[in-house]
Amino acid sequence: MTNSALGQLLGRARGPMGPAIELDFGVESGPLVELGQVITRMNGFFLFNAGVQVFRVGEEGLGPDMLAWNTDELWKDDYSGLADDLFCFGQDLFGAQFAVMGGTEVVRFDPETAEVTVIGTSLEQWAAWLLADPDVNGVNSFAYAFQKERGALQPDERLIPLQFFVAGGGYDFDNLVVKDAAVAMKIRGPVAQKIHSAPDGAQIHLGTE
């Protein structure tokens, strides 16, 4: 793993966020095998000035527990099935989820629209995608600038826009508030449901709590 994109990524990581653990998802191939190897090597970490977070596994540690994060009651129920096929292993500064979908694909899940973008079929491809453009894909420079001005986020916090991005909200600091990461997902779940189920051309009222 040392010379791989994943190895390079781990070399830049800030962690671990939890005690050492051996993680095996009980599958023989695919991105979940890689995820088990990554967490076994470093149990949870941050990348790119906390622009990207990979969850830890276990009852103790900082930030969300990966297994608890994927339970329906924490936030997925608020998406009414739109996130059911995703095993989320991390997120970016704005709560976009990085997930394994169907056990075979690594995807980015937009919390506002529930749109799924396929990144690849392995965590190695995900790591290469992040490293190819850390500022865009890993929110690197923005995360640094925001926290330099507004203070560091806690491990269980992410940013949510007051006016949603999908409704034309900007990335200026005054449009962004710090929220508990799970609460931020719950707020956006009903919005994603509206967008997902709306016919083309329909007017949708969007707002945060």
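Bear in mind that the values here come from a model prediction, so they are computed numbers and not experimental data.

Rules used in this analysis
- Residues numbered from 1 in each chain as written.
- Predicted model: local features only at pLDDT ≥ 70, side-chain atom pairs only at ≥ 80, totals over all residues.
- Heavy atoms only, no water.
- Helix = DSSP H or I, 4+ residues; strand = E, 2+ residues; numbered from the N terminus.
- Rg over C-alpha atoms; globule rule 2.2 N^0.38 Å.
- Buried < 20%, exposed > 50% of the residue type's maximum accessible area, 1.4 Å probe, protein only.
- Contact = heavy atoms within 4.5 Å.
- Areas by Shrake-Rupley, 256 points an atom, 1.4 Å probe, with all protein chains shown as cover.
- Lys, Arg positive; Asp, Glu negative; His and termini not counted.
- Charge placed at Lys NZ, Arg CZ, Asp CG, Glu CD.
- Patch = residues over 30% accessible without salt bridge, like charges linked within 9 Å, V, L, I, M, F, W, Y side chains within 5 Å.
- Salt bridge = Lys/Arg side-chain N within 4 Å of Asp/Glu carboxyl O.
- Phe/Tyr/Trp six-rings, centres within 6.5 Å; stacked < 30°, edge-to-face > 60°.
- Core = buried A, V, L, I, M, F, W, Y, C linked by side-chain atoms within 4.5 Å.
- Pairing = 2+ DSSP bridges.
- Arc of directions from axis to C-beta.
- Axes fitted to C-alpha atoms, helices over the stretch in contact; angles between N-to-C directions.

K.L.:
How should I be thinking about the overall build of the protein chain in this particular structure?
P.N.:
A count of helical and extended segments in the protein chain gives 7 helices and 8 strands. For a compact globule of 209 residues, the expected C-alpha radius of gyration is about 17 Å, and the protein chain comes in at 17 Å, within 12% of that figure. Buried positions account for 49% of the 209 residues belonging to the protein chain. Look at the contacts in the protein chain between residues 6 or more apart in sequence, and 57% of them connect residues 24 or more apart. Summed over its atoms, the accessible surface of the protein chain is roughly 9800 Å², and 48% of this surface lies on carbon and sulfur atoms. Side-chain charges of the protein chain comprise 13 positive and 29 negative groups, with the mean position of each set lying 7 Å from the other.

K.L.:
Please clarify how a negative patch on the surface should be interpreted in this entry.
P.N.:
On the surface, a cluster of negative charge is made up of Asp72, Glu73, Asp77, Asp84 and Asp85. As for its placement among the helices and strands, Asp77 is situated in the loop between α3 (66-69) and β3 (86-92). Classification of Asp77 as exposed rests on a relative accessible area of 51%.

K.L.:
Before we go on, may I ask you to explain the pattern of salt bridges in this structure?
P.N.:
When their charged atoms lie close together, side chains carrying opposite charge are able to pair. If you walk through the whole model with that rule in mind, you get 4 salt bridges. Between Lys186 and Asp78 there is a salt bridge, and its shortest N-O distance comes to 2.8 Å. A residue pair is termed long-range when its members are at least 10 positions apart, and Lys186 in helix α7 (residues 181-197) and Asp78 in the loop between α3 and β3 qualify at 108 residues. With relative accessibility at 33%, the residue Lys186 sits in the partly exposed group. Asp174 is paired through a salt bridge with Arg150; the nearest N and O atoms lie 2.9 Å apart.

K.L.:
Help me out: how do you make sense of the packing of aromatic side chains in this one?
P.N.:
Aromatic ring pairs: the centre-centre distance and the angle between the two ring planes describe each pair. Enumeration over the complete set of coordinates arrives at 15 aromatic pairs. Taken together, a centroid distance of 5.3 Å and an interplanar angle of 75° make the contact between Phe94 and Tyr171 edge-to-face. Taken together, the residues span a long stretch of sequence, with Phe94 in the loop between β3 and β4 (97-101) and Tyr171 in the loop between β7 (157-161) and β8 (176-180) at a distance of 77 residues. Residue Phe94 is classed as buried on the basis of its relative accessible area of 11%.

K.L.:
It is not clear to me how the nonpolar core should be interpreted in this structure. Could you clarify?
P.N.:
Side chains that are nonpolar tend, in soluble globular proteins, to be buried together. With 44 residues, the main nonpolar core has Phe89 and Trp126 as its most contacted residues. Excluding its chain neighbours within four sequence positions, the residues that come into contact with Trp126 are Leu6, Leu9, Val52, Val54, Phe89, Phe98, Val106 and Ile119.

K.L.:
What's the story with the pairing of strand β6 (residues 116-120) in this structure? I'm lost.
P.N.:
Here is the key point about a regular strand: its side chains alternate between the two faces of the sheet. Taken together, the 4 bridges between strand β5 (residues 105-109) and β6 define a ladder with antiparallel strand orientation. Bridge pairing in β6 links Arg108 to Thr117.

K.L.:
What am I meant to see in helix α6 (residues 140-150) here?
P.N.:
Structural remark: α-helix, 3.6 residues per turn; residues separated by three or four positions point the same way. Listing the buried residues of α6 in full gives Asn140, Ala143, Phe146 and Gln147. What you see down the axis of α6 is that its buried residues fit within an arc of 140°, all on one side. Along α6, the residues that are exposed and aim more than 90 degrees away from the buried face are Lys148 and Glu149. Looking at the buried residues of α6, the elements they touch are α5 (134-137), β7 and β8. Phi for Gly151, located one or two positions after α6, is positive at around 100°.

K.L.:
In this structure, what is going on with the sheet that holds β3? I would like to understand it.
P.N.:
Strand pairs in the sheet, formed through backbone hydrogen bonds, run parallel or antiparallel to each other. Spatial strand order, β1-β2-β3-β4-β5-β6: 6 strands in an open sheet with antiparallel pairing. Each of the sheet's edge strands pairs with one partner strand only, and the pair in question is β1 (45-47) and β6. Going across the sheet, the axis of each strand differs from the next one's by a mean of 30°, ignoring polarity. As judged from the 3 bridges shared by β1 and strand β2 (residues 52-54), these two strands associate in the antiparallel manner. By the bridge assignment, Phe46 is partnered in β2 with Gln53. Its contacts with the sheet place helix α2 (residues 31-41) against β1, β2, β3, β4 and β5, and it is angled at close to 50° to β3.

K.L.:
Is there a simple way to explain the environment of Gln53 in this structure?
P.N.:
Along the polypeptide, Gln53 turns up in strand β2. For the pair Gln53 and Phe98, spaced 45 residues apart in sequence, the C-alpha to C-alpha distance is 9.3 Å. Each residue touching Gln53, except ones within four places of it in the same chain, is listed here: Phe45, Phe46, Gly63, Pro64, Phe89, Gly90, Gln91, Pro155 and Arg158.

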